[in-house]
Structure formats: C-alpha cells, structure tokens
Amino acid sequence: MAAFWTTADWDEHERVELVHDRASGLTAIIALHSTHLGPGAGGTRFWHYADPEDAMRDALRLSRGMSYKNAMAGLPMGGGKAVILLDENRTKTPGMLAAFGDAVHALNGKYVTAEDVGASEADMVAIARRTPHVCGLPAQEGDAGGDPGPFTAMGIYLGIKAAVAHALGRDSMAGVRVALQGCGSVGSGVARLLAQDGAVLYVADINADRARALADEVGGEAVFAETIMATPCDVFSPNALGAILDERSIASLNCAIVAGGANNQLARDEDGDLLAARGILYAPDYVINAGGIINVSLEYLCRQQGQPCDLDEVNRRIGQIPDRLLQIWRKSEESGLGAHRVADQMAQELIGRA
Ligand code: NAD
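Within each chain, residue numbers correspond to sequence positions counted from 1 in written order. Where local features are concerned, this predicted model is filtered to residues with pLDDT of at least 70; where side-chain atom pairs are given and counted, the filter is 80 or more; whole-chain, interface and lining totals use all residues. To get the side-chain values, all heavy atoms of the structure are used, and hydrogens and water are removed first.

Once that is clear, we can look at the sheet that holds strand E7 (residues 177-181). One open sheet holds the 6 strands; their spatial order is E9-E8-E7-E10-E11-E12, and the pairing between them is parallel. In this open sheet, the two strands that pair with only one neighbour each are strand E9 (221-222) and strand E12 (281-282). Strand pairing is defined by DSSP finding a minimum of two bridges between the two strands. Helix and strand labels come from DSSP, where a helix needs a run of H or I of at least four residues and a strand needs a run of E of at least two; each type is numbered from the N terminus. One ladder, built from 2 bridges, connects strand E11 (residues 257-258) with E12; its direction is parallel. Directly across from isoleucine 257, in E12, lies its bridge partner leucine 281. The contact definition used throughout considers only heavy atoms, calling two residues in contact when any of these lie within 4.5 Å. Helix axes use the C-alpha atoms of the stretch in contact, all axes being lines fitted to C-alpha atoms, and the angles between their N-to-C directions lie in the range 0 to 180 degrees. Across the face of the sheet, helix H5 (residues 185-196) comes into contact with E7 and strand E8 (200-204) while running at roughly 165 degrees to E7.

This brings us to the layout of surface pockets. Gaps between atoms show up when a probe of the same size as a water molecule is rolled over them. Site definitions follow a grid-based scheme: protein atoms alone, a 1 Å grid, a 1.4 Å probe that fits but cannot get out for cavities, and for pockets an open set with protein on both sides within 12 Å along at least five of seven lines, plus lining residues having an atom within 4 Å of a point. Grid points are joined across faces, edges and corners, and a volume is the space filled by probe spheres set on the points. In this model, the second largest pocket occupies a volume close to 480 Å³. The wall of the second largest pocket is formed by 27 residues, among which Arg64, Asn264, Asp269, Tyr286 and Asp344 lie closest to the centre. With 7 residues, the top contributor of residues to the lining of the second largest pocket is helix H1 (residues 52-72). Broken down by class, the residue content of the lining of the second largest pocket amounts to 9 nonpolar, 6 polar and 12 charged. Note that domain bounds follow an automatic or database assignment of domains. Taken domain by domain, the makeup of the lining of the second largest pocket includes at least three residues from each of domain 1 (4-65 + 78-128) and domain 2 (149-288 + 322-350). Gly falls in the polar group here, along with every residue not listed as nonpolar (Ala, Val, Leu, Ile, Met, Phe, Trp, Tyr, Cys, Pro) or charged (Asp, Glu, Lys, Arg).

All right, on to the nonpolar core then. Counting 67 residues, the largest nonpolar core has Ile160, Val178, Leu194, Ile294 and Trp329 as its most contacted members. The element contributing the most residues to this core is helix H4 (residues 149-168), with 8 residues. If we ignore the near neighbours within four places in the chain, the residues touching leucine 194 are Tyr157, Ile160, Met173, Val178, Ala199 and Leu201. For the purposes of this section, nonpolar cores are sets of buried Ala, Val, Leu, Ile, Met, Phe, Trp, Tyr and Cys residues that join through side-chain atoms within 4.5 Å. Here's how the labels work: a residue is buried when its accessible area is under 20% of the maximum for its type, exposed when over 50%, partly exposed in between, all with a 1.4 Å probe on protein chains only. In this structure, Leu107, Ala119, Ile127 and Val134 belong to the second largest nonpolar core, which totals 23 residues.

In structure tokens form, the structure reads like this:
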C-alpha cells in the first residue's frame, strides 16, 4: 500500500486530520486542500467504506474538488471535505456528531462543514451545538441556507440551458431530449425545472420506484439504470455517482452534451479528452454544480458578520454559472484543450497553484 501522501490524490493538501474519539467510536478524516482564498469549505460525507483507503481517497479527491469549485464560483473560501467512517449498519449517534463538532472546532475556523451524502440538516444542527464553523443550517423563508440540493439543481438547469444554446444553437429547451441519471435531491430538482420548459425527459435510478415516480410527475419516461448512459438524447445529465465517465461508458454515449451535478464524474483526466475527441461538450462538474455551496457559504459568511443574507445574492451568484461555463468552452475551443483541463487550469491559477 502506497502512503497516501505519495499518491496523485494527495496533491499537496495543506493538512489532513485523522480523528478518533474512543468514547463515541467516531472515526473521521478532515482534509484541507487549500485555504489560499479563505477557510476550507466542503461538506461531511457519512459513509461505510469496506476499505478505509477508499475513505482517504474520497476525502482527498473531494476536498481538492472543493478548492476548485469554490474558487471558480468566486467565493472567498478554500477547499476542504470531511468523511465519517460509519460501520456496516451506518450507525450515527449524537455522541459521534458532538465529537465531530469538537474536531471541527479545534481547527479554529480553518474548515467549515456542511451536508454531503448521508448527512441531514438535523446533523448540522447537532454539530452546530459544538462549533460555529458549520453551514447548511435550517433557514428562514427568504434567507440563504438550508438544504443545498435545490440550489445545486438550479445551477445545473441554467448550465444545461447554456450548453444547449452553445452546442446546439437552441434558445429553448422545448423538445430537447435530456437523459438524467439519478433521481435524488439534485436529479429530481433538475428534472422538474426542465419539465417546465418542455424538455423531453428520460430518467433512471437504481431505485426503479423512484425513477417511475419522477417520470410520472414530470411527464417523462423511466429508463433502466443500466441503459441510461447509452440512451439517444441531446444532453446526458449525471446526477448520481462519480467516476461514471470512463473509456467504455464514453464510447456508449449517444448525446451531444454531458452536463450534470455528480462530483468527480471523470474517472481519469484522460476521459475528459475522450469526450472532447468525440465532440461532446462537457460542463466541468465542479463549475456547474456549485449552486449548493454558493448558498451555504453565503449563509456562513453572513452569519459570521452578524448580517442577514437574503436569497437575491445567492441567486445572483448562481446566475453567473452559465457565464463561467461559456468562458471555459470558448477557451477550450481556442486552445484545443478539453473543457476539463481549461477549468482545472483556471481554478489552479485562482488558488495560486498554476
Ligand atoms: P441523493 O442521494 O439525493 O441522490 C442520488 C440518487 O442517485 C439516489 O436516488 C440513488 O438511488 C441514485 N443512484 C445511485 N447510483 C446510481 C446509478 N448507478 N444509476 C442511477 N441512479 C443511481 O444525492 P444528491 O444530493 O442528489 O447528489 C447527487 C450527486 O450530486 C452526488 O454525486 C453528489 O455528490 C453531487 N452533488 C450534490 C450536491 C447537493 O447539493 N446535494 C451538490 C454538489 C454535488
């Protein structure tokens, strides 16, 4: 086994904390990739990892992704991420949440946490009893904060519309065929927004009931999870797992655009080159899926300053996502580099690592 700081995923992380609390049984990793632009902000993932090496890989890859995401969203935040290693029964106790809150607090605001997979608003409320360095807390009507999912979905919806205008020259989504992988918080939000514009929707989830229910709601068609990537469409929108774009799956794609919210969609950087070689327009995941972190970061920053934070500023910043994507696609066309490489270069410049 290679030491994790010798792997490519390490990527010069500023700090990685391994946390163990004997009393509660908490085992966690807090990874801080970069605090160049501000405190490292990124959610906490609660997951059972059969192999703890996967937990470290996840923490490192996700925290670097947060550095890039926050920088490209123009936020004064760096990149960090935490994972809590749950047992096979996914046991999560108040004691574990308290111990995790203490671990976040010990970092003195260098890391700000929020929801990620397996976490709820209630978990953030529990963590907030031990530290102020947490966001994604329940919000009052009209204020920033709360569940980031709908904000993420809004950014993806706007990004898909920009991609369709750019690649297909169409300024309406009416009749545009979109195949959505994943019908959870983000995927279902994107589907509902697209349905209002008259898009033709194909939806898939490993939970077939969830896909059927969403298809019924939005007037779309439920497709088998195994075949959604090869479904003929204009836009393939991945909103489930990461690393789904590899040599084999890219060869099977039957679309003009890939634009969705899943983190770390490319299995390897080279897979972004394969997309570009096939002439498929790619919306870099950490640019198009920044709506949720924009919402909770502004919630955090306003609370730190003791000021209210209304949704207008959140929506204004989410509204900038299409322009950021257009900038990337234009640079990609000028340089011949894939959109993923252009975005990485822009993000690295912003965090002082060009
Ligand atoms: P979620 O858990 O609510 O939904 C994920 C859905 O994907 C579930 O319904 C699940 O059954 C389905 N799924 C899992 N594997 C699948 C497969 N192979 N094929 C089809 N469906 C599959 O999660 P979410 O909050 O909607 O997040 C979706 C993705 O977006 C994740 O990759 C997450 O990291 C990313 N993301 C989410 C946010 C947010 O604000 N929630 C922000 C940025 C990025």
